[in-house]
Every structure is written in C-alpha cells, then in structure tokens.
Amino acid sequence: MMMAIEPDAPPEEMMMPDAFMGTPSIEGTPVASFDTTTCSTASVIALSRQIAKQVDCMMPGQLVLFEEQPNIVFSGGAVLPYMSESARTDLYAAASSQGGARTLQVNSGFRTVVQQYLLNQWFRLGRCGITAAAEPGNSNHQSGRAVDIANWQEWVSILAQYSWDHTVPGDEVHFDHTNSPDIRGADVLAFQQLWNLNAPDDQIAEDGDYGPATEERVRMAPAEGFGIGATCE
Ligand SMILES: [Zn+2]
C-alpha cells in the first residue's frame, strides 16, 4: 500500500532494463517431457529461438533470421528460420529470380540441439515415423547453411546457380549453401552458455561438445525458454 502512493517511485520505463534481461530460471516444461507426447519440434520453438539468437550474439552474421517473402513460404510453425547472412542473400536472390512464376516451399531451416535431441529420441523410440536422425550436435541442419525445400524438383537447377548445393544422397529435399561456413556445435555452446546463466548452482563446461552432462541439461531445459535469454539482446 505504501508503494502505491510513493511519489518518488521510478517511472515504469526506468524499470525496463532489468525486466527485459529477466532473472535466472530453468522453470517451465522440461524438454524431455516431449519424448513421448508429440511429433512436432514446434513444442520447443521458443527455447530454440533463444539458442539461435545466442549463436548470433557469439558469431554475428553467421545465423540471421530469414523471412517469408512473396516467393518464399514456410510449411508450418516448426520451421526455425535462421541461416548465415550470405546463405540468406543467395536464397532471397534465387527465390526472386523467377518473378511470380514459382514459390519456394521451406520445410526446415536451422535446427537447434534441443530440436535434434527430440528428433533423435523419437527415432530411438520408434516414434513419429522417423527413419533416421543424426546425434544431437551432428545434424547438417545445425550447420547454419541448410534448408529443406518441399518442391525441390522445381528449384534444384535454380538454387544451384546461387551456391545452394543438392548433394546429400537419399535426402532429396535437402540443400546446403556450401559457400557459408559450417557452424555445427555453435548451438551446443550457445545452449551451454544459456544454461550456465540460468543455473548458477549447476555449471557445466562451455565446450560446444554434446556430452552426457549437456544432454542431461537439454532434457531439463524449459521448452518456453530460459528466464535469461540471449546476452546481446
Ligand atoms: Zn535437410
């Protein structure tokens, strides 16, 4: 009651920086709770966006947001639209090169260690019709230079002119921008940094390596995102 009439209370906007930074917290729905309850990585998209933003903090330009355009559509809410800046420049150029004649249908972009953990779990458990899934840390969708294109047949020759290579045998929808660096492991390091910021009493090594200690924390991490998000925001 005293606070409500305190004339010297700071105006609302002066409180903003602290509120924006958040406080350390790993409260929320544990990632591992989705091992058996869903088949969509949209379940961990909020946490994944935090991890992607933290990679961008660590390595500016290596993992930037790309967006739907008149010639680019996303297939659903599980698309995590991040790639390197040079990959994005070439993707946009390829998409717009055809005028209004065709649309690039993106099934998948970046994938964080948290999303790959779930895909790998579903594969191990024989769930969700997944016939193969790389170990977390090793997926070519953690490289920052990959997209899956649903209507790949319409685009394969056009994308080739923009350094988007179609070279993974047996994975027809998959393209890699081979002129961009492969940043695999950066998302693991970003996760480790966010974990340590939010769990001061449970510190883990920040080595970019997906080992048992990191896996244990991935399982416990909050799907809704940590209390403290990306450090450069
Ligand atoms: Zn792919």
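Described below are features of the structure shown in this document. All figures in this text were calculated on a predicted structure; none of them were measured in a lab. Each residue is numbered by its place in its chain's sequence as written, counting from 1. Confidence filtering applies because this is a predicted model: local features only for residues at pLDDT of at least 70, side-chain atom pairs given and counted only at 80 or more, and all residues used for totals across whole chains, interfaces and linings. Water and hydrogen atoms were dropped before computing side-chain values, which therefore reflect all heavy atoms in the structure.

1. Section: the layout of surface pockets
Think of a 1 Å grid over the protein atoms and nothing else: a 1.4 Å probe that fits but is trapped marks a cavity, an open set flanked by protein within 12 Å on at least five of seven lines marks a pocket, and residues with an atom within 4 Å of a point count as lining. Grid points are joined across faces, edges and corners, and a volume is the space filled by probe spheres set on the points. The volume enclosed by the largest pocket comes to roughly 650 Å³. Lining the largest pocket are 27 residues; nearest its centre among them are Ser-108, Arg-111, Leu-119, His-141 and Asp-148. Classes in brief: Ala, Val, Leu, Ile, Met, Phe, Trp, Tyr, Cys and Pro nonpolar; Asp, Glu, Lys and Arg charged; the others, Gly included, polar. By residue class, the composition of the lining of the largest pocket is 10 nonpolar, 14 polar and 3 charged.

2. A short note on the pattern of salt bridges
Whenever a carboxyl oxygen of Asp or Glu lies within 4 Å of a side-chain nitrogen of Lys or Arg, that contact is scored as a salt bridge. Applying the stated criterion across every chain yields a total of 6 salt bridges. The partner of Arg-217 in a salt bridge is Asp-202, and the shortest N-O contact between them spans 2.6 Å. Placement of the pair is Arg-217 in helix 8 (residues 212-220) and Asp-202 in the loop between helix 7 (186-198) and helix 8, with a sequence separation of 15 residues. Overall, Arg-217 belongs to the buried group, its relative accessible area being 10%. What emerges from the salt-bridge pattern is a single network uniting Asp-202, Glu-216 and Arg-217. Secondary structure elements are defined from DSSP: runs of H or I of at least 4 residues count as helices, runs of E of at least 2 residues count as strands, and each element is numbered from the N terminus. Remark: exposure states derive from per-residue accessible area (1.4 Å probe, protein chains only) relative to the maximum for the residue type, with buried under 20%, exposed over 50%, and partly exposed in between.

3. A short note on the state of the cysteines
Any cysteine sulfur atom paired with another within 2.5 Å is treated as part of a disulfide. Under the definition given, this model contains 2 disulfides. Between the sulfur atoms of Cys-39 and its disulfide mate Cys-128 the distance is 2.0 Å. One disulfide, between Cys-39 and Cys-128, carries an S-S torsion of -80 degrees and so falls in the left-handed class. With Cys-39 in the loop between helix 2 (16-21) and helix 3 (45-58) and Cys-128 in the loop between helix 5 (113-124) and strand 5 (146-149), this pair connects stretches of sequence that are 89 residues apart. Numbered by position along the chain, the disulfide-linked cysteines of the protein connect as 1-3, 2-4.

4. Quick look at helix 3
Compared with an ideal rise of 1.5 Å per residue, which puts 14 residues at 20 Å, helix 3 spans 20 Å between its outermost C-alpha atoms and is within 8% of the ideal. Considered for burial, the residues of helix 3 that qualify are Ile-45, Leu-47, Ser-48, Gln-50, Ile-51, Ala-52, Gln-54, Val-55 and Cys-57. Residues of helix 3 that are buried make contact with strand 3 (82-83), helix 5 and helix 7. Expected span of a helix: the number of residues minus one, times 1.5 Å. It only takes one pair of heavy atoms within 4.5 Å for two residues to be counted as in contact.

5. So, the packing of helix 4 (residues 85-96) against helix 6 (residues 152-160)
One way to put it is that helix 4 packs onto helix 6 with a least axis distance of 10 Å and a crossing angle of 120 degrees. As the angle between them shows, helix 4 and helix 6 are arranged oblique. With respect to the hand of their crossing, helix 4 and helix 6 are arranged in right-handed fashion. Residue-level contacts link Leu-91, Ala-94 and Ala-95 of helix 4 to Trp-155, Ile-158 and Leu-159 of helix 6. Its residues assigned to classes, the contact of helix 4 with helix 6 comprises 6 nonpolar, no polar and no charged. Axis lines are fitted through C-alpha atoms, for helices just across the contact stretch, and the angle between N-to-C directions can take any value from 0 to 180 degrees. Roughly parallel means an angle under 35 degrees; roughly antiparallel, over 145; roughly perpendicular, 65 to 115; everything else is oblique. Crossing handedness follows the turn of the near helix against the far one: under a right angle anticlockwise gives a left-handed crossing, and clockwise gives a right-handed one.

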